[in-house]
Amino acid sequence: MRFKVRWMLLAVAAAVFIATGLSRISFNVDILKLLPTHLPQVEGLSLFLEHFAQPNELIVTIEAGTSEAAEAATETLAAHFAKQTSLVKRAVARAPWESNPSEFAELLAFLLLNQPPEKVREITARLAPEKAAATLQDTLEKLTDSISPQEVALLSYDPYNLAGTLAESGLMSGAQQSEFSSADGTFRVIYLEAAQPFSNYKANIAWMQEIKKVAAAAALPADVRLGFTGEPAFVADISGSMEWDMRSSGFVTLLIIALIFWACYRRLRPLRDLQAMLVLIFLLTLATAGVFLSELTVIGVGCAAIMIGLSVDYGYFVYQRSLGHHGTARELQKLCVQNIAWTSTSTAAVFFSLNLSSLPGLSQLGNLVGIGVIIGALVMLTIFAPLTLRFHHEESARPPSVIERLFESPRFLRAGFWLSVAMVLVLVGTLVVKGLPGMDFSARTLRPRVSDAYTALDRLQERLISDRDLLSLIVRGQSEDEVLARLRTADAKLAAAKARGEIASFRTALPVWPGAENQRINLPALQPLLAELPRLQQAALDAGFKEEAFALTSAIVRQWSAWSVQSPPIWPANETSRWIFRRIASRGDGEFLAMGMIQPVAGHEDAITANVQGDGTWLVSWGQLGRELKRVIPAEFFRLIMVLAAIFLVIVSIGFRSVRAVALFVLTTGLVLICLAGAMSLFGMTWNFFNLAALLLLLGTGTDYSILLLLALKRNGGDAPAAQRELSLVICLCVSSAAAGFGTISWANHAGLANLGLTCAMGLLIDALISLFLLPHAWALLHQRRN
């Protein structure tokens, strides 16, 4: 009775733990969370995404055959979105100053206030009574002679040409590049801001589904094509695919394991119990992740299939040993504990060693699978082993299946030997002919393979705003003055680089960044203009301007007067100003950031970055990130592999206490890695910072097979065929399940995770063939010569 009560309490505690952990699971779709945070490119891009990516802003793209059709569809769709106040805070289909031009005055007032004092003195001089008439006459001549629609439109509402001062600074240039419409008008954009911040990824996905329903309800013409991109679209796409990858890969792995077990043993009840144990292991591990980890990254999602594929090995081993065992459960556990302790410890140690990597994504994967392997070993030994003996004595008494007899037959062992020899010859030959696999550290290895949000972004960059060849300048400081000083330094360096021919063009936030010193000097100098407004207005009317033409000038002067009660630095605050500044400046919580764009001359990106980048200043791009990773990651993995190899050699030496056994282990592992490189060359695969981790994982998973064979050879007195017959079925079951675990994530939507899964699956299959069919012959040959 006490035994049953104890197990019931344990089951209730496990259920509560699992429910608590699973309820806390969330996904982090930021791909930079997978990369080393100490790298300048990662740090700079993280700041860019955190402060300028607009997490609640969805970009809806509209593309049609004609500009008229695109404009009509945009107006219709924007009206539909604007009505959905529970979903959308605002829908912006054109520049805010176009619908409310008066708000543009605040931005012009700010830009003029920010000018050097000598420029402001020039403005006040042009407005003096003795020069006002000449200034107005000059404006009229420009209106007559100008061929620029933009200049004519602005001068019509700026009779004293206040904005002319800004044109000299380059602040008014580039205004023709719209972020709302392409040049031909056939491609347009609506910016949607969510009504409420998203509480989690599921709320984000639900919001995106509702937005798409609203778009569908607008009943746009069939030739109008819509796209959805921006942070909410990325989160919905990637987190949805992450959830699906975890579920599907775990389910398919369980299904493959069930088919393999049934094909080999034809036993229903042990299969049922084994599947239950795997589900329990998966739930306990995932619950542990939910309790101790704040978020799962896209790489962490792969833990489900990998963990199940590895944990089932211990179940296979326990079940195989239970066949023909007539002792107690404790005796069965003693028979299994040495091998399971060896393999689970080495596997978990290697996965935990991924914490030595500077890649947070791999560290998380290592922790999850390491925990899962330990939980799997404990569950199989403590729960599955007693179940096997309590319920499967009659199952064990059945005659061996056809597959069991096949795996023990000499013909199978001979065929496996020649197949392995052929495989090694082909793969080594491929490596000799084609060379080592290449390396790919480009941004595409970080992206999902299929994503509507990325497709829409590519189209947006192609038709409207392209930043693929640009470098982003990120400047950070704890105050406006600190950022201003760093902007001036960066601006001077960029100007020098442009003079050297390294930069085609650049634009920083320096002209629009508030300069407290300039503002303190300029504000008092501009205050007398408020009293001069009646005179200035009358002079404009006398020169032939209409009354409404003076509205902009009046609004600018009144804005200066309103700011007189504030202490510099002063920021513009209305809707138009916030819209423009949202991608230029970010401030809050004692942190200030400014952004700029640089068009480098091809081939000079590294030199420009090295020259400009410094304390609080970053020059970043996805291309630069790839180049930085290519320099850093392979060297880091090489050091990590060397450390792990040394640790493994120490462990194996202590365990085997035989120089020949250790030498065979090293040779087997080396041959496996050479053949894996040959397989990658054969199939045109490349190394990236995800599948490089396969080398580490193979040290902890694939080496189990050679360890098991060497232990069996020692246990059978060096009888190679006996050791092969004892373990052939178990190793084939283990490698099939482990390869299935890794293989099922090869169809994951994330390109890097898929590469990791495929590389590990190939490595495990190669390792199993070499360990099972070639290692025993090498053992026999070595010991035969010794004798």
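Residue indices begin from 1 for each chain and proceed along its sequence in written order. Only residues with pLDDT of at least 70 get local features here, since the model is predicted, and only at 80 or more are side-chain atom pairs given and counted; chain-wide, interface and lining totals rely on the full set of residues. The basis for the side-chain values is all heavy atoms of the structure; hydrogens and waters are excluded.

### As for the overall build of the chain
Link 1 in the chain: Within the chain, the regular secondary structure consists of 31 helices and nine strands.
Link 2 in the chain: Along the first, second and third principal axes, the C-alpha set of the chain runs to 115 × 55 × 50 Å.
Link 3 in the chain: With a 1.4 Å probe rolled over the protein chains alone, any residue whose accessible area is under 20% of its type maximum counts as buried; one over 50% counts as exposed, and the rest are partly exposed. Looking at the 787 residues of the chain, the share that counts as buried comes to 53%.
Link 4 in the chain: The contacts in the chain between residues at least 6 apart in sequence include a share of 83% that link residues at least 24 apart.
Link 5 in the chain: Only the protein chains shown count as covering a residue, and every accessible area follows the Shrake-Rupley method with a 1.4 Å probe. Surface accessibility of the chain: about 34,500 Å² in total, with carbon and sulfur atoms responsible for 60%.
Link 6 in the chain: Here the chain contributes 65 positively and 65 negatively charged side chains, and the mean placements of these two sets differ by 15 Å. Only runs of H or I of at least four residues qualify as helices and only runs of E of at least two qualify as strands under DSSP, and these elements are numbered from the N terminus. Two residues form a contact once any of their heavy atoms are found within 4.5 Å. We count Lys and Arg on the positive side and Asp and Glu on the negative side, and we leave His and both chain ends out. All charge positions are set by atom: Lys at NZ, Arg at CZ, Asp at CG, Glu at CD.

### Observations regarding the nonpolar core
Link 1 in the chain: L35 and Y316 are the most contacted members of the largest nonpolar core, which totals 141 residues.
Link 2 in the chain: Examining the composition of this core, we find that 14 residues originate from one element, helix α31 (residues 751-786), more than from any other.
Link 3 in the chain: The contacts of Y316, once residues within four sequence positions are left out, are I257, I260, F261, L274, L733, C734 and S737.
Link 4 in the chain: We define the nonpolar core as a collection of buried residues of types Ala, Val, Leu, Ile, Met, Phe, Trp, Tyr and Cys that are connected through side-chain atoms lying within 4.5 Å of one another. In this structure, L111, V475, I570 and L619 belong to the second largest nonpolar core, which totals 54 residues.

### Considering empty space enclosed by the protein
Link 1 in the chain: Only protein atoms enter the 1 Å grid, on which a cavity is a set of points fitting a 1.4 Å probe that cannot get out and a pocket is an open set with protein on both sides within 12 Å along at least 5 of 7 lines, lining residues being those with an atom within 4 Å of a point. Grid points are joined across faces, edges and corners, and a volume is the space filled by probe spheres set on the points. Per the stated rule, a full pass over the model turns up four cavities of 30 Å³ or more.
Link 2 in the chain: What lines the largest cavity is a set of 13 residues, among which D313, Y314, T343, L708 and C734 lie closest to the centre.
Link 3 in the chain: For the lining of the largest cavity, the elements supplying multiple residues, two or more each, are α13 (303-322), α14 (329-352), α29 (703-715) and α30 (720-744).
Link 4 in the chain: Per-class residue counts for the lining of the largest cavity are eight nonpolar, three polar and two charged. Throughout, the ten residues Ala, Val, Leu, Ile, Met, Phe, Trp, Tyr, Cys and Pro are labelled nonpolar, Asp, Glu, Lys and Arg are labelled charged, and all others, Gly among them, are labelled polar.

### Considering the packing of aromatic side chains
Link 1 in the chain: Any pair of Phe, Tyr and Trp rings, taking the six-membered ring for Trp, is counted once the centres come within 6.5 Å. Such a pair is stacked with planes under 30 degrees apart, edge-to-face with planes over 60 apart, and tilted for the rest. A complete count under the given rule lists 14 aromatic pairs for this structure.
Link 2 in the chain: Each ring, one from F110 and one from F581, has its centre 5.7 Å from the other, and the planes form 75°; the classification is edge-to-face. Of this pair, F110 sits in helix α5 (residues 104-113) while F581 sits in helix α24 (residues 575-581), and the two are 471 residues apart along the sequence. F581 shares its class with F110; the two are buried.
Link 3 in the chain: Taken together, a centroid distance of 5.7 Å and an interplanar angle of 65° make the contact between F412 and F773 edge-to-face.

### Describing the layout of surface pockets
Link 1 in the chain: In this structure, the second largest pocket spans a volume of roughly 760 Å³.
Link 2 in the chain: As for the second largest pocket, its lining consists of 32 residues, of which H51, Q54, R578, R582 and A585 are closest to the centre.
Link 3 in the chain: Looking at the lining of the second largest pocket, the elements that each hand over two or more residues are α2 (40-52), β2 (88-92), β3 (187-194), α24, β7 (585-588) and β8 (591-600).
Link 4 in the chain: Looking at which element gives the most residues to the lining of the second largest pocket, the answer is α24, with five residues.
Link 5 in the chain: A class-by-class count of the residues in the lining of the second largest pocket yields 14 nonpolar, seven polar and eleven charged.

### Re the pairing of strand β1 (residues 57-63)
Link 1 in the chain: Judged by how many residues are buried, β1 sits mostly within the fold: seven of seven residues are covered.
Link 2 in the chain: The side-chain alternation of β1 yields two buried faces, one formed by E57, I59, T61 and E63 and the other by L58, V60 and I62.
Link 3 in the chain: Should DSSP find at least two bridges between two strands, the strands are taken to pair. Pairing analysis gives seven bridges linking β1 to β3, with the strands arranged antiparallel. Bridge assignment links T61 to a residue of β3, and that residue is V189.

### Focus: helix α7 (residues 132-145)
Along an α-helix, a turn takes 3.6 residues, which lines up residues three or four apart on a common side.
Link 1 in the chain: Expected span of a helix: the number of residues minus one, times 1.5 Å. Taking 1.5 Å per residue, 14 residues should reach 20 Å; α7 reaches 20 Å between its end C-alpha atoms and fits that length.
Link 2 in the chain: The set of residues buried in α7 consists of A132, T135, L136 and T139. Buried residues in α7, looked at end-on, bunch into an arc of 95°, giving them a common side. Exposed positions of α7 whose direction lies more than 90 degrees from the buried face are A133, A134, T144 and D145. It is the directions from the helix axis to the C-beta atoms that the arc portrays.

### A closer look at the sheet that holds strand β4 (residues 225-229)
Link 1 in the chain: Reading across from one edge, β2-β3-β1-β4 is the order of the four strands in this open sheet, with antiparallel pairing throughout. A strand with exactly one partner marks an edge of an open sheet, and here the two such strands are β2 and β4. Going across the sheet, the axis of each strand differs from the next one's by a mean of 20°, ignoring polarity.
Link 2 in the chain: Against the sheet, helix α11 (residues 231-265) contacts β1 and β4, and its axis sits at roughly 95° relative to β1.
Link 3 in the chain: A fitted line through C-alpha atoms serves as each axis, taken over the contacting stretch for helices, and the angle formed by two N-to-C directions is quoted from 0 to 180°. Lying on the sheet, helix α19 (residues 452-463) is in contact with β1, β3 and β4; it crosses β4 at an angle near 105°.

### Things to note about the pattern of salt bridges
Link 1 in the chain: Just to be clear on terms, a salt bridge is a Lys or Arg side-chain nitrogen sitting within 4 Å of an Asp or Glu carboxyl oxygen. Under the defined criterion, the tally for this structure stands at 25 salt bridges.
Link 2 in the chain: For R582, the salt bridge is made with E179, and the minimal N-O distance between the two is 3.5 Å. Linking R582 in the loop between α24 and β7 with E179 in the loop between α9 (164-168) and β3, this pair joins segments that are 403 residues apart in sequence. Each member of the pair, R582 as well as E179, carries the same accessibility label: buried.
Link 3 in the chain: Between R459 and E462 there is a salt bridge whose closest N-O contact spans 2.9 Å. Taken as a pair, R459 and E462 lie in helix α19 at a separation of three residues, close to a single helical turn.

### Here we look at the side chain of T744
Link 1 in the chain: Summarising the element assignment, T744 is placed in helix α30.
Link 2 in the chain: Under the relative-accessibility criterion, T744 is labelled buried at 2%.
Link 3 in the chain: Separated by 3.1 Å, the side chains of T744 and T253 make a polar contact. Under the rule applied, a polar contact is a pair of N or O atoms within 3.5 Å (in protein, one hydrogen donor and one hydrogen acceptor; residues adjacent in sequence only if both atoms are side-chain atoms).

### Concerning the environment of A723
Link 1 in the chain: Positionally, A723 belongs in helix α30.
Link 2 in the chain: Spatially, the C-alpha atoms of A723 and A485 are 73 Å apart, while their sequence positions differ by 238 residues.

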